[in-house]
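Coordinate inspection notes
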Amino acid sequence: MRTFLQSTWGRLAVGAAVVVAAAILPLLAIDIPGVLPGPTYTPGTLTVLAYAMLIAALALSYHLIFGVAGMLSFGHAMFFAAGAYGLGIILRLLAPTGMPSEAVFLLAIVLTLVIALVLGNLVGALALRVSGISFAMVTLAVAQAMNVMIRRNVGGLTGGEEGVTLEVDVVPDFLVGVVNTRNLYWMALAILVLVYLACVWVERSRLGHVVAAARENELRVTVLGLRPYLVRLFVFAAAAVLAAVAGMGFMMLQSSATPRISTSDFTLTLLVIVVLGGVGYRWGAIVGGIIYTLLDQRLAALASAEWIQGLPDVLRIPLSEPLFILGMLFVLVVMFAPGGIVGLTHRVTRRRGGAKDAEQPAALQDVEA
């Protein structure tokens, strides 16, 4: 049984089972007190779960940059914002043109993806001229500039601090309204699956092997006659497009977007999610994204619980702050499980079966082959 689960067909079977279980979740009445706000068929719970899956998809795109290519970016949230704001702004601009609503919606999606691709290539081409902490600072500077432009409502397009709302008149009816929350949940699940498959394709392609090898030994890759700059730029742009896809899903789910999603703090949240789940593991980004989002959503309710309010001040005050609890959880993971949640399970599995981790980035010999 263990050998089958470690094989390609075994992993495909497990993945398919997880997707099917997630797809039928809205049809069930599962209630987990303290974790979910209500039964799984209710709109509130489905919205929380859909948001968690979109954050997991965004974390997967960050995994490509940080976990696979080894590039520490402090501005990845700008591409998520580009997807959300891009879709909202383009829909608003195209709505009065008189085009059929279906054509407007599809055209807005295509144009938003093109904008994300161009933005990813431009930022990547600039930031990849340097490396290490300098690369991180360049991405941070560009992201901060974009955040300022959004807040200042440049061109009267971004709505300033109030943000952008979704033009529901040109959005398909089955994706609008509380009654269609189930459809929005399935949309978020589809986005997560799409982003996961794209990450698998990039990592297992020759470009993925090269960028992973360049992370380990750039000089050796260069000696082999390869150009790390170009493959890193490809991975950076691919991650930008995938982040924009998650951003468009966020706009559809929330029907609005505010400048908060373009801040560097949001990118730092992605870094925490990837580290929490396990750097270098695709499932780590998913598990970290879902766990972090559920904790972030539910810790506020836990902080106001009566049993916490009855504690002495030395315990009540810190435990009443959700960020404190999340911070302590992050510290504990870094100290006692440096490979993250998924990394810990993989280490336990390897100790029992002696199997090699199939999700680890490609080694240099894969490039030389």
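The structure reproduced in this document is the subject of the present report. (Residues numbered from 1 in each chain as written. Predicted model: local features only at pLDDT ≥ 70, side-chain atom pairs only at ≥ 80, totals over all residues. Heavy atoms only, no water.)

What to know about a nonpolar patch on the surface
A cluster of nonpolar side chains, Val 20, Ile 24, Leu 27, Leu 28, Ile 30, Ile 32, Val 35 and Trp 186, forms an exposed patch at the surface whose accessible area comes to about 640 Å². Assessed through its relative accessible area of 35%, Leu 28 is described here as partly exposed. (Patch = residues over 30% accessible without salt bridge, like charges linked within 9 Å, V, L, I, M, F, W, Y side chains within 5 Å. Areas by Shrake-Rupley, 256 points an atom, 1.4 Å probe, with all protein chains shown as cover. Salt bridge = Lys/Arg side-chain N within 4 Å of Asp/Glu carboxyl O. Buried < 20%, exposed > 50% of the residue type's maximum accessible area, 1.4 Å probe, protein only.)

A look at unusual backbone geometry
Phi is positive for Asn 153, close to 55°, though the residue is something other than glycine. Summarising the element assignment, Asn 153 is placed in the loop between helix H6 (133-151) and strand S1 (164-165). A residue is classified by how much of its surface remains accessible, and Asn 153, at 29% relative accessible area, is partly exposed. With a phi close to 65°, Ser 255 is a non-glycine residue in the positive phi region. With respect to the helices and strands, Ser 255 occurs in the loop between helix H10 (228-254) and strand S2 (256-257). (Helix = DSSP H or I, 4+ residues; strand = E, 2+ residues; numbered from the N terminus.)

Details of helix H5 (residues 101-127)
The end-to-end C-alpha separation of H5 is 38 Å, in line with the 39 Å expected for 27 residues at 1.5 Å each. Regarding H5, the residues found buried are Val 104, Phe 105, Ala 108, Thr 112, Ala 116, Gly 120, Val 123, Gly 124 and Ala 127. Where H5 is buried, its residues touch helix H4 (77-94), H6 and H10. (Expected span 1.5 Å × (residues − 1). Contact = heavy atoms within 4.5 Å.)

Remarks on the environment of Val 176
Residue position: Val 176 is located in the loop between S1 and helix H7 (181-204). Since its relative accessible area comes to 24%, Val 176 is described here as partly exposed. Distance from Val 176 to Met 252, taken between C-alpha atoms, is 8.0 Å for residues 76 residues apart in sequence. Those residues within four positions of Val 176 in sequence are excluded, and the remaining contacts are Val 168 and Val 171.

Some points on the environment of Leu 233
Relative to the helices and strands, Leu 233 resides in helix H10. The spacing of Leu 233 and Val 68 is 165 residues in sequence and 13 Å in space, taken between C-alpha atoms. When near neighbours in sequence (up to four residues on either side) are disregarded, Leu 233 contacts Asn 121, Gly 124, Ala 125 and Leu 128.

Considerations on the nonpolar core
In this structure, Leu 60, Leu 64, Tyr 85, Leu 91, Phe 250, Met 252 and Ile 261 are the most contacted members of the largest nonpolar core, which totals 98 residues. Broken down by element, this core gets its largest block of residues, 18 residues, from helix H3 (residues 43-68). For Leu 91, the contacting residues outside a window of four places in its chain are Val 104, Phe 105, Ala 108, Leu 166, Glu 167, Val 170 and Val 171. (Core = buried A, V, L, I, M, F, W, Y, C linked by side-chain atoms within 4.5 Å.)

As for the packing of aromatic side chains
Under the defined criterion, the tally for this structure stands at eight aromatic pairs. Ring geometry for Phe 80 and Phe 266: centres 5.6 Å apart, planes at 55°, overall tilted. Residue Phe 80 is found in helix H4, and its partner Phe 266 is found in helix H11 (residues 264-277); the two are separated by 186 residues along the sequence. Like Phe 80, the residue Phe 266 is buried in the burial classification. By the ring-pair criterion, three or more aromatic residues cluster together here, those being Tyr 51, Phe 80, Phe 250 and Phe 266. One Lys or Arg, Arg 260, reaches over the ring of Phe 266 and ends 5.5 Å from the middle of that ring. (Phe/Tyr/Trp six-rings, centres within 6.5 Å; stacked < 30°, edge-to-face > 60°. Lys NZ or Arg CZ within 6 Å of the ring centre and 35° of its normal.)

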